[in-house]
Amino acid sequence: MSNFGQILKEVGEFGWFQKQLLVALCIPCMFSAFDVIGQVFIGMSFPHHCNTDWILERGPNLTGEEQRNLTLPVNKDGKYESCKMFRPVDLDLETTEAYGLNDTIGCIAGWDYEVPRGGSSILTEFNLVCDGSGLIEASQSIFMTGCLIGALSYGAISDRFGRRFAILLSLSLVTLFGVATAFSPNVYVYMVLKFFSGTSSIVIVMNASVMAVEWTDSSKAAFCTGAIVLFFSVGLMVLSGVAYLIPNWRILQLVLFCPLLLVLGLNYWFLPESARWLVTHDRKEEAKKELQKAARVNRRMVTDDQMDKLHMESRPERRNMLDIFQIPYLRKRTFIMAYDWFAVSLLYYGLSLNVGSFGLNIYLTQFIFGLVEVPANLCGLALTQLFGRKICEAGFLFFGGAACLAVLAVPNDLPEVKTTIAVLGKFASTAAFSTAYVYAAELYPTVLRHSGMGINSMCARVGGILAPLIRLLEVYHYTIPMLIYGIIPIAAGGFTLLLPETLNADLQDTTEVK
């Protein structure tokens, strides 16, 4: 047992102090879900067609349907074209009705949208339709690019400046850019703000899980990480309800992120620094103060002699992210775990995009997607405590990948069976994600823990970017996307079996292997 682990037992491994800390770390994770998935509602698509008010100069008493019949062509399905209109002509209404119009052009006077009363999105406000429709996907890709940079940056920031600093910095930036996004004058400013928001929002869960793991006993690490990840799923459900009640995207953005100001203020006054991190950086006096504070809250007595033991065994060790690849056993763990995170992310987003419609509106569908993740996270937590991290992570990856392959074996005339198997695969991918957070945090020593988590999170973001692009391969054969979604996680499950088990093992503080 490490020296720090002995003192933590005296302070209290999961007392009232740790429970308060866990609550403080869980709540911000809901806002991470708001930022990542909120784009679904912020960029919501609505039926639209070209503005053809020019015809009203000839016939001001035309009904809406009559106007559309005269000025809009129809597609092969018998519906009005969204991006084409008949070229305006300098003829009276009677002549136009008698002979009709044939020459089509693009929308030259803007678009009309079928939007609910008071509703709007960046699509309707910035006219991101027709030739500009690709800007919606571009904004999402730019957001994910920010997530990539954030995943790497916050690992180094946290290991260098502390866990508390990293958490407060990420919350501050998400608050700033989340609120500022509501005032975007055009789509280009919106994309820039989403990029900077992405650098901090996705890492909130990672930052919180590292802090929780370092303040608790190893037997509670899975529970703490599972609870933190679970609140991301809760955020998905809350998001669907808030978005349903507030259809205006600017007001929705403000309502989602303004409360984060209160959360940030409370965390600034309450959030402690990781005592384990302080010890590894030779700041033992500060570590003793944090431990004494925790002991008081836990109503435990820790003598000065016990605290002085921190001086005996701890040695400052300065490390940076490059050391992960220079130390053989860490290099092996990183390559395997990074591939795991990539595969889990690919599986999660791949199944989410292919699970198909439940025949419900977007708000209820989003609520169901969030609801499915709750039992998945709880199941992952329970099984990792019973059977260990390694076998559970490998099992979830195997099961999720097998579900993708099984979908291909089901005939197309059995959509209910296909959907059921796909949902089970999504269940497994969610459980694999929560397990990966626990497992990765336990595989790295304290001096490099957040850097290692940052590398893994970066690989997960790559998987998230590639998942929708892989769907484009179905033009060559419809089975290719699901084969990729299935084979990559199964291979990752096999590699996972090469990692060491960390269930109930003491956290490693330095890079030395004892």
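The rules behind each value
- Residues numbered from 1 in each chain as written.
- Predicted model: local features only at pLDDT ≥ 70, side-chain atom pairs only at ≥ 80, totals over all residues.
- Heavy atoms only, no water.
- Salt bridge = Lys/Arg side-chain N within 4 Å of Asp/Glu carboxyl O.
- Buried < 20%, exposed > 50% of the residue type's maximum accessible area, 1.4 Å probe, protein only.
- Helix = DSSP H or I, 4+ residues; strand = E, 2+ residues; numbered from the N terminus.
- 1 Å grid on protein atoms, 1.4 Å probe; cavity = no way out; pocket = protein on both sides within 12 Å on 5 of 7 lines; lining within 4 Å.
- Points joined across faces, edges and corners; volume = space filled by probe spheres on them.
- Nonpolar A, V, L, I, M, F, W, Y, C, P; charged D, E, K, R; others polar.

Participant: How do you make sense of the pattern of salt bridges when you look at a structure like this?
Facilitator: Note that side chains of opposite charge can pair when their charged atoms are close. On inspection of all chains with the given rule, the structure shows 11 salt bridges. For E57, the salt bridge identified is with R58, shortest N-O distance 3.6 Å. Given the relative accessible area of 67%, E57 is considered exposed. Classification of R58 by relative accessible area gives partly exposed; the value is 27%. Between E373 and K426 there is a salt bridge, with its nearest N and O atoms 3.3 Å apart. Linking E373 in helix α20 (residues 362-387) with K426 in helix α22 (residues 415-443), this pair joins segments that are 53 residues apart in sequence. Residue E373 shares its accessibility class with K426, and that shared class is buried.

Participant: What am I meant to see in unusual backbone geometry here?
Facilitator: Negative phi is the rule for most residues except glycine; trans is the rule for most peptide bonds. At N127, a residue that is not glycine, the phi angle is positive and equals roughly 55°. Within the fold, N127 resides in the loop between α6 (122-125) and α7 (134-161). Unusually for a residue other than glycine, C130 sits at a positive phi of about 55°. With respect to the secondary-structure elements, C130 resides in the loop between α6 and α7.

Participant: Would you mind showing me how to read empty space enclosed by the protein here?
Facilitator: Gaps left between atoms show up when a probe the size of a water molecule is rolled over them. For the coordinates displayed, the defined rule picks out 6 cavities of 30 Å³ or more. Within this model, the largest cavity holds a volume of roughly 250 Å³. In terms of lining, the largest cavity is formed by 16 residues, of which the most central are V229, F232, Y348, F433 and Y437. Counting residues per element, the ones that place at least two in the lining of the largest cavity are α2 (16-37), α11 (221-245), α19 (328-354), α20 and α22. Here the lining of the largest cavity is composed, by residue class, of 10 nonpolar, 4 polar and 2 charged. Roughly 60 Å³ of volume is contained in the second largest cavity. Lining the second largest cavity we find F41, M44, F46, S120, A243, I246, P247, N248, W249, L252 and Y363. Here the residues of the lining of the second largest cavity are counted per class, giving 9 nonpolar, 2 polar and no charged.

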